[in-house]
Every structure is written in structure tokens, then in C-alpha cells.
Amino acid sequence: MSQCEPADDIHYVLDPEELTFLKKETGIEDEDALKAHVLAIQRDAKKVYAYPCIRRFGFVRLKICKLKSAYEHVLEIGRSVPGAVLLDLGCCFGTDLRKIASDGFPIRNIIASDLRRDFWDLGHKVFRSTPDTFPVTFVEGDAMDQFFLPLYPLVKGEPEGAVPDLASLKSFIGLQGRLSAIHSASLFHLFGEAMQLELARKLAGLLSPHPGSMIFGCHAGQPTKGYTPASPGKYMFCHTPESWREMWDGEVFEKGSVEVVTHLKLVGKLLNPTTDFYMMFWSIKRV
């Protein structure tokens, strides 16, 4: 019998792709044993910080591959661009990075980053890996800290100097214009409108100037722009697909210099019983 609270246990529902991937990566084929394994890790994760995505098992769900066109494009970047570097900002347990690495993106050219290393370490426990068997560079820090992730201006030409040694990274200083692809899932909606714009500009400053370089991900959106009720007493700022597109194509990047794709998906009343929750999947590609 699970020791997890029933309110959490009911959210342990994986789609066939997620279940197959989790079995493959953990080596646990028995579904009851696999569920018990995940629930045990969830208890540890909630002690670190009980984000809603932790309570709802978002840490073992796949997000990176849901916008298929963007995912396939980034995999092609990994295959065709020598030295292409991929960052996952707000990586949590690193589940999405394990997926794209398993599908062929060069593992030693991947950077993972999150506010708390504890979640990254729990990812090794979930997937029964080690830094040797999954040698992705992890960088711990606050993306809104200027000394960790500076607000660089957009790079228009080839960056000067050598690419920093990824294995030795402690921050994103020195990575202006160096990243071929950036992924971010369930991160932007943690901030208000002004800070979402600031974060977008920070990521844009890291992006390679080469056509095809891409920033992609997902987070909460709404059909109407503004603050929407989340958990009791808390509100979440949500863009619409249109306002998200206008922010990137015109405010963050020069108008017409990027191609923005958005898709808003209704996923139910996840945060409270009265508010529809939408996930917005998106990509921004230099043209």
C-alpha cells in the first residue's frame, strides 16, 4: 500500500511514451515496483520544495518532445552543428534531458541548470544513474541573479574567444551567443510579466546568432492575458499565444528576425477546482 497521500497518488498517471521511457531508463519493468520507486523519490522531493509539479509527478513526465517540430529541429542541430550546445534551464530532475540525450543529442554538449541541486541529485536516484553514467554538466543558481546569468545584449556576429569548458561551468558568464538551443519547461510562469520579459532577454543573450538557433519549451498560458488564480491565495501571470509571440518577436528580438510557434493545450483544472489550466508549448527560432 502506498505511503503517499491519496491526493498525490491519484496524479500518478503516465502516458505510454512516458511509461516506456521510465521503464527503460530505470530498468524497472514491473509497474507496481516502478510506481513505488517514484513515490519514494517524490516524498524526498517534497522535503526540498513542494512545487505543484512535484505533487503531480511532473518530474517523471516528458515535456521536451511535446512540440514535435521543435524537438526534431533541436535533434537535427545536435546532429549537424559541430559543437552545438543545449541548455535546459529549470531542469528539475533532468528527465527531459535524459530523453533528448537518449534520442541522440551529444550528452557532453548538454548543460542542465536549476535553482536547487537537490532535485538534480534526486534525478540520479529516480533513474539509477551517476555523474559518470549520465555526464551532463549541472550548474546550480538563480537565473534572475545577474552574477549567475547576466543580461547580455543580442549577439549579431560570431562570438569572440574560445567556448568555456562546459565541465567547469559555475555560471553562465562567458556564454554570450554560445548556445545553439535552450529549453525551459514550467519556469516562466513562476514569475510576473516584467520578470518573464527579463528572463526571455537573458536567454536571448545566450543564443547563437546563427539562423536556426532555437529557444523552446512550455509553461502555463491562458486564452486571456493576465493573472489567473493558482493555489489558494496565489495568482499566476499568464501570457496568451498572441502576447507571447509579440513579446519575443518585437521586444526580445528585432521584429521579423525570429519565427515564433505557439500551441495552447487545455489540460484540466489542475491548480484549483474552478480555473481551467492551459499549457502553452512554444518555440522561437532565429531566421
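The rules behind each value
Residues numbered from 1 in each chain as written. Predicted model: local features only at pLDDT ≥ 70, side-chain atom pairs only at ≥ 80, totals over all residues. Heavy atoms only, no water. Pairing = 2+ DSSP bridges. Helix = DSSP H or I, 4+ residues; strand = E, 2+ residues; numbered from the N terminus. Axes fitted to C-alpha atoms, helices over the stretch in contact; angles between N-to-C directions. Contact = heavy atoms within 4.5 Å. Expected span 1.5 Å × (residues − 1). Buried < 20%, exposed > 50% of the residue type's maximum accessible area, 1.4 Å probe, protein only. Polar contact = N/O pair within 3.5 Å; in protein donor to acceptor, adjacent residues only side chain to side chain. Parallel < 35°, antiparallel > 145°, perpendicular 65-115°, else oblique. Nonpolar A, V, L, I, M, F, W, Y, C, P; charged D, E, K, R; others polar. Lys, Arg positive; Asp, Glu negative; His and termini not counted. Salt bridge = Lys/Arg side-chain N within 4 Å of Asp/Glu carboxyl O. 1 Å grid on protein atoms, 1.4 Å probe; cavity = no way out; pocket = protein on both sides within 12 Å on 5 of 7 lines; lining within 4 Å. Points joined across faces, edges and corners; volume = space filled by probe spheres on them.

**Observations concerning the sheet that holds strand S5 (residues 214-221)**
Pairing between the strands of a sheet comes from backbone hydrogen bonds, and it takes one of two forms, parallel or antiparallel.
Okay, step 1: Taken together, the 7 strands give an open sheet; going across it, the order is S3-S2-S1-S4-S5-S9-S8, and neighbouring strands pair in mixed fashion. Across the chains shown, the open sheet's two edge strands, defined by having one partner strand only, are strand S3 (137-140) and strand S8 (258-268). Taking the axes of each pair of neighbouring strands and ignoring which way they run, one obtains an average angle of 15 degrees across the sheet.
Okay, step 2: The strands touched by helix H5 (residues 68-80) are strand S1 (86-89), strand S4 (181-185), S5 and strand S9 (277-286); relative to S5, the strand with the most contacts, the crossing angle is about 150 degrees.

**Digging into helix H3 (residues 31-48)**
Okay, step 1: The end-to-end C-alpha distance of H3 is 26 Å, a good match for the 26 Å that 18 residues give at a rise of 1.5 Å each.
Okay, step 2: Of the residues making up H3, those classed as buried are Leu34, His37, Val38, Leu39, Ile41, Gln42, Ala45 and Lys46.
Okay, step 3: Its side-chain oxygen at 3.2 Å from the backbone nitrogen of Asp32, Asp30 defines the N-terminal cap of H3.

**Examining the packing of H3 against helix H7 (residues 117-127)**
Okay, step 1: Between H3 and H7, the least distance of the axes is 10 Å, while the angle of their chain directions is 170 degrees. Accordingly, the angle class assigned to the pair H3 and H7 is roughly antiparallel. Across from His37, Ile41, Asp44, Ala45 and Val48 in H3, the residues of H7 making contact are Asp118, Phe119, Leu122, Lys125 and Val126.
Okay, step 2: Looking at the contact of H3 with H7 residue by residue, the classes come out as 6 nonpolar, 1 polar and 3 charged.

**Let's talk about the side chain of Arg178**
Okay, step 1: Relative to the elements of secondary structure, Arg178 occurs in the loop between S3 and S4.
Okay, step 2: Buried charge without a partner: Arg178 forms no salt bridge, and the closest opposite charge is Glu158, 5.6 Å away.
Okay, step 3: Apart from the residues lying within four places of it in its own chain, the contact partners of Arg178 are Val85, Pro159, Glu160, Gly161, Ala162, Val163, Leu206 and Ser208.

**Overview of the pattern of salt bridges**
Okay, step 1: In the structure shown here, the tally under the stated rule is 13 salt bridges.
Okay, step 2: Asp15 is paired through a salt bridge with Lys66; the nearest N and O atoms lie 3.0 Å apart. Highlighted residues: Asp15 in the loop between helix H1 (6-9) and helix H2 (16-26) and Lys66 in the loop between helix H4 (52-55) and H5, separated in sequence by 51 residues.
Okay, step 3: Given a relative accessible area of 27%, Asp15 falls into the partly exposed group.
Okay, step 4: Of the residues examined, Lys66 reaches a relative accessible area of 34% and is grouped as partly exposed.
Okay, step 5: Residues Asp103 and Lys99 are paired through a salt bridge, measuring 3.2 Å at the closest nitrogen-oxygen approach.

**Describing the layout of surface pockets**
Okay, step 1: Reported here for the second largest pocket is a volume of approximately 340 Å³.
Okay, step 2: Taken together, 17 residues form the lining of the second largest pocket, with Arg117, Val136, Thr137, Phe138 and Ala167 sitting closest to its centre.
Okay, step 3: Within the residue set of the lining of the second largest pocket, elements represented by two or more residues are H7 and S3.
Okay, step 4: Residues of the lining of the second largest pocket, tallied by class, amount to 9 nonpolar, 2 polar and 6 charged.

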